[in-house]
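Residue-level structure breakdown
Single-letter residue listing:
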2 protein chains.
Amino acid sequence: MDTKVFAHHDHAACQAEGIAVAAAVCAQKGLRLTPQRRRVLEILLSRHRAMGAYAVLAILRGEGMGNQPPVVYRALDFLVKHGFAHKIERLNAFIACTRPGAPHAPAFLICRTCDTVAEAHIDPGGGTLGDEAGAAGFTIERTVVEALGLCPKCRDAA
Amino acid sequence: MDTKVFAHHDHAACQAEGIAVAAAVCAQKGLRLTPQRRRVLEILLSRHRAMGAYAVLAILRGEGMGNQPPVVYRALDFLVKHGFAHKIERLNAFIACTRPGAPHAPAFLICRTCDTVAEAHIDPGGGTLGDEAGAAGFTIERTVVEALGLCPKCRDAA
DNA sequence: ACTTGCATTGTTATATGATAACATCACTTA
DNA sequence: TAAGTGATGTTATCATATAACAATGCAAGT
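This write-up is about the structure you can find in this document.

This next bit is on the sheet that holds strand E4 (residues 117-122) of chain B. Ordered by their spatial adjacency, 6 strands build an open sheet running E4(A)-E3(A)-E5(A)-E5(B)-E3(B)-E4(B), and the pairing between neighbours is mixed. With one partner strand each, in any of the chains shown, strand E4 (117-122) of chain A together with E4 of chain B form the two edges of the open sheet. Put simply, the sheet's adjacent strands are angled 20 degrees from each other on average, direction ignored. Relative to strand E5 (residues 139-150) of chain A, strand E3 (residues 105-111) of chain A runs parallel, the two being bridged by 4 bridges. Counterpart to A:Cys111 in the pairing with E5(A) is A:Gly149. Running over the sheet, helix H5 (residues 127-136) of chain A touches E5 of chain A together with strand E3 (105-111), E4 and strand E5 (139-150) of chain B and is turned about 140 degrees from E4(B).

Turning to the protein's contact with DNA strand C, a few remarks are in order. Not every one of the 14 residues close to DNA strand C is listed here, only the nearest: A:Thr34, A:Gln36, A:Arg74, B:Tyr54 and B:Lys87. Within 4 Å of the protein, atoms of DNA strand C come from sugar and phosphate in 48% of cases. Between DNA strand C and A:Gln36, the relevant distance is 2.6 Å, taken from a phosphate oxygen to a side-chain nitrogen or oxygen of the residue. In this structure, A:Arg74 approaches DNA strand C through a side-chain N or O atom, which is 2.6 Å from a base nitrogen. Secondary structure elements with two or more residues in the surface near DNA strand C: helix H2 (35-45) and helix H4 (69-81) of chain A together with helix H4 (69-81) of chain B. Residue contributions to the surface near DNA strand C peak at 3 residues, all from H4(B).

Residue and element names in this part refer to chain B. For E3, the buried fraction is high: 7 of the 7 residues fall into the buried class. The alternating pattern of E3 places Ala 105, Ala 107, Leu 109 and Cys 111 and Pro 106, Phe 108 and Ile 110 on opposite faces, both of which are buried. Inspection of the sheet shows E3 paired to E4 by 6 bridges, in the antiparallel sense. The partner of Ile 110 across the bridge, within E4, is Val 117. Between the antiparallel neighbours E3 and E4 lie 5 residues, among them Asp 115 with a positive phi of about 70 degrees.

Attention shifts here to the protein's contact with DNA strand D. What surrounds DNA strand D is a group of 15 residues, the closest being A:Tyr54, A:Lys87, B:Thr34, B:Gln36 and B:Arg74. Backbone atoms, meaning sugar and phosphate, make up 48% of the atoms of DNA strand D lying within 4 Å of the protein. Between a phosphate oxygen of DNA strand D and a side-chain N or O atom of A:Tyr73, the distance comes to 3.0 Å. With 4 residues, the single largest contributor to the surface near DNA strand D is H4(A).

Moving on, we come to the packing of helix H2 (residues 35-45) of chain B against H4(B). Residue and element names in this part refer to chain B. At a minimum axis separation of 9 Å, H2 and H4 run at an interaxial angle of 80 degrees. As judged from the angle between their axes, H2 and H4 are roughly perpendicular. In this structure, H2 contributes Gln 36, Arg 37, Val 40, Leu 41 and Leu 44 to the contact, and H4 contributes Val 71, Ala 75, Leu 76, Phe 78 and Leu 79. Across the contact of H2 with H4, the residue classes break down as 8 nonpolar, 1 polar and 1 charged.

Residues and elements named next belong to chain A. Between the first and last C-alpha of H4 there are 18 Å, a value that for 13 residues agrees with the 18 Å anticipated at 1.5 Å per step. All buried positions along H4 are accounted for by Val 71, Val 72, Ala 75, Leu 76, Phe 78 and Leu 79. End-on view of H4: buried residues confined to an arc of 155 degrees, all on one side of the axis. Turned more than 90 degrees away from the buried face of H4, the exposed residues are Arg 74 and Lys 81. Close packing links the buried residues of H4 with helix H1 (11-29), H2, helix H3 (53-62), strand E1 (85-88) and strand E2 (93-96). Taken from the residues just after H4, Gly 83 is the one with a positive phi, measuring 80 degrees.

A few words on the nonpolar core. What tends to happen in soluble globular proteins is that the nonpolar side chains get buried as a cluster. In terms of nonpolar packing, the biggest core is built from 34 residues, with A:Leu109, B:Leu109 and B:Leu129 touching the most fellow members. Counting residues per element, the ones that place at least two in this core are E3, E4, H5 and E5 of chain A together with E3, E4, helix H5 (127-136) and E5 of chain B. Tallying contributions element by element places E3(A) first for this core, with 4 residues. For B:Leu129, the contacting residues outside a window of four places in its chain are A:Ala107, A:Leu109, A:Ala120, A:Ile122, A:Val145 and A:Ala147.

To continue, consider the environment of A:Gly127. Residues and elements named next belong to chain A. Mapped onto the elements of the fold, Gly 127 is located in helix H5. On the basis of relative accessibility, which here comes to 47%, the residue Gly 127 falls in the partly exposed class. Sequence-wise, Gly 127 and Glu 42 are 85 residues apart; in three dimensions their C-alpha atoms are separated by 35 Å.

About the cut-offs
Residues numbered from 1 in each chain as written. Chains lettered and ligands numbered in written order. Predicted model: local features only at pLDDT ≥ 70, side-chain atom pairs only at ≥ 80, totals over all residues. Heavy atoms only, no water. Pairing = 2+ DSSP bridges. Helix = DSSP H or I, 4+ residues; strand = E, 2+ residues; numbered from the N terminus. Axes fitted to C-alpha atoms, helices over the stretch in contact; angles between N-to-C directions. Contact = heavy atoms within 4.5 Å. Near = heavy atom within 4 Å. Polar contact = N/O pair within 3.5 Å; in protein donor to acceptor, adjacent residues only side chain to side chain. Buried < 20%, exposed > 50% of the residue type's maximum accessible area, 1.4 Å probe, protein only. Parallel < 35°, antiparallel > 145°, perpendicular 65-115°, else oblique. Nonpolar A, V, L, I, M, F, W, Y, C, P; charged D, E, K, R; others polar. Expected span 1.5 Å × (residues − 1). Arc of directions from axis to C-beta. Core = buried A, V, L, I, M, F, W, Y, C linked by side-chain atoms within 4.5 Å.

That is the geometry; function is a separate question.
Structural data, given as structure tokens:
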């Protein structure tokens, strides 16, 4: 789990690696990491917090890279579709993936005080829910798992 | 788990029980199940599908029980706050609780074809995620768990 | 180089989901 | 019956997301 995001870490490396991996994966799969898409990923990578689409759009606007909602939604759709970013349903917001390239079922720990989001990974068909779904004949294709609470830093501060 | 919702069942009893339990719980806790709130719960209970707030509002309008968004959002807030309904984050929609009255951490199985939603219950601190959160010092307060896939009926039809 | 085809981007308009703010009404209890 | 609280009515607005279509860019084959 990438709970390092709750503590100090080499964030510059964190960002650089995110872009590098995305570029490599795109090259390998024949996807186009265009300037807009790349910039949106950089913006998401700049913080371990989920950002709303319109917050991203505001930054793009300031840089002359797009003025209308579809611009940012298309870039976000691309990043989510190919696993470079995730949508946090509870927040209607987006965050860069910390394990791009590898297929995985993400789960998130969301701090309600500082809004930091850590990405964990789970077995989609595992646990009680997987057992019950299996028993009921329900086929799980995707999972949304988001835990809300307090990160260690905010808990200690309180 | 209430996976009976994927199959034929006595739905009239299902609905009646939902209202009866809510009324009993409200009486016990000194909450007011007003006509609007009761009617919204009835509407949600009428199907095992999540409904958007505006879909509920459209029905209320047709019955002269409220014309503006805040009417339905206030009723839904009440129902969710007291555990008579849940919000499905993935769908931005609401569904009646199948275990009203008892505190619980709900999880949902959402069929992408027929939109039926079954409610299961999980141990919020259990499983891999609970372990990892504990190890990271993260305190889980609430969980959003939504599995998307195919219910038995729709899987067989395909 | 040319052109054909497809992915990407630009732009307008609108759909969909949610809340702030304030006035009014109703129920309780002292 | 007045005061306090919770519930409702209403207007306006904010926030999130997508449809539709035009214009552009890029890559592959000839």
